[in-house]
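A closer look at the structure
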Amino acid sequence: MSIFNRQTVAAFLLGSTLVVGVGAFAVERHMGTGGPHAAIDASAHMERMLKHLYVEVDATDAQKAKIEPLVKAAMADIKPLHEQLHQIHKQVVEQMSAATIDRSALETTRASGLALADQASKRIVQLLADVGDTLTPAQRQKLAEHLGQMHERHGRHG
């Protein structure tokens, strides 16, 4: 495999991982596409995540009332991106299953995946900024430390 191909696959996987990593799975389940009980399970999962966030930053009731709708809106915005990325994943599988490899089609698919990842990333950054606007500087520092710890844990296990 040439370096270009490895870079293409790595970039595509990075884009896919980004969308999934920012909660697309939870979004899918929250929006009810994972079966009859998935929406309930995902909603409960989201509630647990938010409660954990609130404890981590010692959020006030007023802050909680502002943060929850921000998170729900972001999840709703990311859901279609996740669905599109799922379709792109299917395209890659189909393209790799073909009798001959169409490098141009793979590149187009890769670029589409990265564009979706970029959209999701922008939406997550918007959410972080919106949530950050509701927190005090000390709370934002606590949140940043918590996110850093989560990143370290995932780095060791991923």
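For the structure given in this document, a descriptive report is provided here. Because the structure is predicted, anything quoted here is derived from the model rather than measured.

Conventions and cut-offs
- Residues numbered from 1 in each chain as written.
- Predicted model: local features only at pLDDT ≥ 70, side-chain atom pairs only at ≥ 80, totals over all residues.
- Heavy atoms only, no water.
- Helix = DSSP H or I, 4+ residues; strand = E, 2+ residues; numbered from the N terminus.
- Expected span 1.5 Å × (residues − 1).
- Bend = angle between axes of the 7 residues up to and from the residue.
- Salt bridge = Lys/Arg side-chain N within 4 Å of Asp/Glu carboxyl O.
- Buried < 20%, exposed > 50% of the residue type's maximum accessible area, 1.4 Å probe, protein only.

1. So, helix H3 (residues 61-97)
Relative to the 54 Å expected for 37 residues at 1.5 Å per residue, H3 spans 53 Å between its end C-alpha atoms, a close match to the ideal helical length. At Ile78, H3 shows its maximal kink, close to 25°; a proline, Pro80, follows between one and four residues later.

2. Looking at the pattern of salt bridges
For the structure on display, the rule yields six salt bridges. Across the salt bridge formed by Asp61 and Lys64, the nearest N and O atoms sit 3.8 Å from each other. With Asp61 and Lys64 both in helix H3 and three residues apart, the pair spans about one turn of that helix. Take Asp61: its relative accessible area is 61%, and that puts it in the exposed class. Judged by its relative accessible area of 28%, Lys64 falls in the partly exposed class. Across the pair Lys122 and Asp118 runs a salt bridge whose closest N-O atoms are separated by 3.3 Å.

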